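# Descriptive analysis of the structure
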Amino acid sequence: MKPTLLILAAGMASRYGSMKQVDGFGPNGETIIDYSIYDAIKAGFGKVSFIIREEFVDNFKAIFEPKLAGKIETDYVFQSYDLKPFGIDKVIERAKPWGTAHAVLAARNQVKEPFCVINADDFYGYDSFEKMAKFLTSDVADDTYSLIGYQIDKTLSDYGSVSRGVCKVDDTGNMVEINERTEVYFTEGGKVAYKDATGEHPLPNDTRVSMNFWGFTPAVFDQSLDMFKKFVDANENNPKAEFFIPLVADELIKSGQAAFKVIPTASKWFGVTYKEDKPIVQKSISDLVANGTYPANLWA
């Protein structure tokens, strides 16, 4: 069974100022999503599922259906504020949905095969998709998941802080724990640090981080549903609390329910958090087209 690519594309991109999920970065207006799907098809994925807000669906279909028709199966998953489908009989007012792990849970009735999860606004490179496809077709199990590991100093923006899942990896290549740091940035001199309620903390520049490129079986839906219910109970009065995928991974590891293989990649990562990132991403893609990594017209 070919694996599925699950793309997290429901965010509002408040720091970017517009819907970066569908903004053009390639020479013919290609989105970053286009490059991820192109690499996923080449690596052997059989379906792409977009996790979006329902009001985005017509826009997404208009952009992606014509160029993907006949190349890969497409599907749409809607992330909303309604908690009743998760067995939670509460109405909680929020400015944004409950985060990335909640978005994955929204796909529980539509995804029946091994799958990977990626961000819509991150460029991951073919090597990552090839390695994940191999894992999902050969090694994945209900107690053995994975993530693609990146070096932290190669994942930051020069224009502001970002969130990163900081990993601790053992000698066998398994993740021991992951901590979500919501304010990571370069300090003066090119060093890396994160800030929390207790102040600023340095991080080695070669620290392994998750860029939200995860490999799972559908068993993760049942494994994370109870966690989400408890999270909502604990955070119903915290409108900014988010149920992140790293929180699920950390709990699965600590409870012994699943191990996570950290798959290293040589792929260059880049992404867009701020408007100022756009010309850098455009230049990076232009260079990849110039050296023959991608065709000038991706879907010609």
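Conventions adopted
- Residues numbered from 1 in each chain as written.
- Predicted model: local features only at pLDDT ≥ 70, side-chain atom pairs only at ≥ 80, totals over all residues.
- Heavy atoms only, no water.
- Axes fitted to C-alpha atoms, helices over the stretch in contact; angles between N-to-C directions.
- Helix = DSSP H or I, 4+ residues; strand = E, 2+ residues; numbered from the N terminus.
- Parallel < 35°, antiparallel > 145°, perpendicular 65-115°, else oblique.
- Left-handed = near helix turned anticlockwise from the far one by under 90°.
- Contact = heavy atoms within 4.5 Å.
- Salt bridge = Lys/Arg side-chain N within 4 Å of Asp/Glu carboxyl O.
- Buried < 20%, exposed > 50% of the residue type's maximum accessible area, 1.4 Å probe, protein only.
- Polar contact = N/O pair within 3.5 Å; in protein donor to acceptor, adjacent residues only side chain to side chain.
- Expected span 1.5 Å × (residues − 1).
- Arc of directions from axis to C-beta.

Attention shifts here to the packing of helix α1 (residues 32–43) against helix α4 (residues 126–138). Any two packed helices are characterised by the angle at which their axes cross and by the distance between the axes. One way to put it is that α1 packs onto α4 with a least axis distance of 9 Å and a crossing angle of 40°. Comparing the axis directions of α1 and α4 gives the class oblique. Here α1 and α4 pass one another in a crossing that is right-handed. Facing S36, D39, A40, K42 and A43 of α1, the residues of α4 in contact are Y126, F129, E130 and A133.

Under the counting rule described, the total for this entry stands at 10 salt bridges. Put simply, K96 and E242 hold a salt bridge, and the shortest N to O gap is 3.3 Å. Of the two residues, K96 sits in the loop between β3 (73–78) and α3 (100–105) while E242 sits in the loop between α5 (219–235) and α6 (245–255), which places them 146 residues apart along the sequence. Among the residues examined, K96 registers a relative accessible area of 39% and is labelled partly exposed. Close ionic contact of K131 with D127 constitutes a salt bridge, the shortest N to O distance being 3.2 Å. Linking K131 with D127, this pair stays in helix α4, spanning four residues, or about one helical turn. The class of D127 is partly exposed, set by a relative accessible area of 22%. A single salt-bridge network, built from bridges that share partners, covers K90, D233 and E236.

For the rest of this paragraph, the subject is the environment of R53. Following the sequence through the fold, R53 ends up in the loop between β2 (47–52) and α2 (57–68). Looking at R53, the relative accessible area reads 8%, which means it is buried. Within polar-contact distance, the side chain of R53 engages the backbone oxygen of A10 at 3.0 Å.

With that settled, consider the side chain of T155. Looking at where T155 falls in the secondary structure, it is placed in the loop between β6 (144–151) and β7 (162–169). Residue class for T155 comes out buried when judged on its relative accessible area of 1%. Reaching out from T155, the side chain makes a polar contact with the backbone oxygen of I152 at a distance of 2.9 Å. Not counting residues within four places of it along the chain, the set of residues in contact with T155 comprises Y150, R164, V209, M211 and W269.

With that out of the way, let us pick up the environment of K154. You can see K154 is positioned in the loop between β6 and β7. Measuring from C-alpha to C-alpha, the distance between K154 and N205 comes to 8.5 Å, with 51 residues separating the pair along the chain.

What follows is about the side chain of T207. Among the secondary structure elements, T207 is positioned in the loop between β10 (199–203) and β11 (208–216). At 2.7 Å, the side chain of T207 forms a polar contact with the backbone oxygen of P204. For T207, the residues in contact, after removing those within four places along its chain, are Y150, Q151, I152 and V166.

The next thing to look at is α4. Taking 1.5 Å of rise per residue, the 13 residues of α4 would be expected to cover 18 Å, and the 18 Å separating its terminal C-alpha atoms lies within 8% of that figure. Taken residue by residue, α4 has S128, F129, M132, A133, F135 and L136 as its buried positions. All buried residues of α4 fall inside an arc of 165° around its axis, so they share one side. Exposed and facing more than 90 degrees away from the buried side of α4 are K134, T137 and S138. Each element contacted by the buried residues of α4 is listed here: β1 (4–8), α1, β4 (115–119), β6, β11 and β12 (259–264).

Interpretation note: all reported values are geometric properties and have no functional meaning in isolation.
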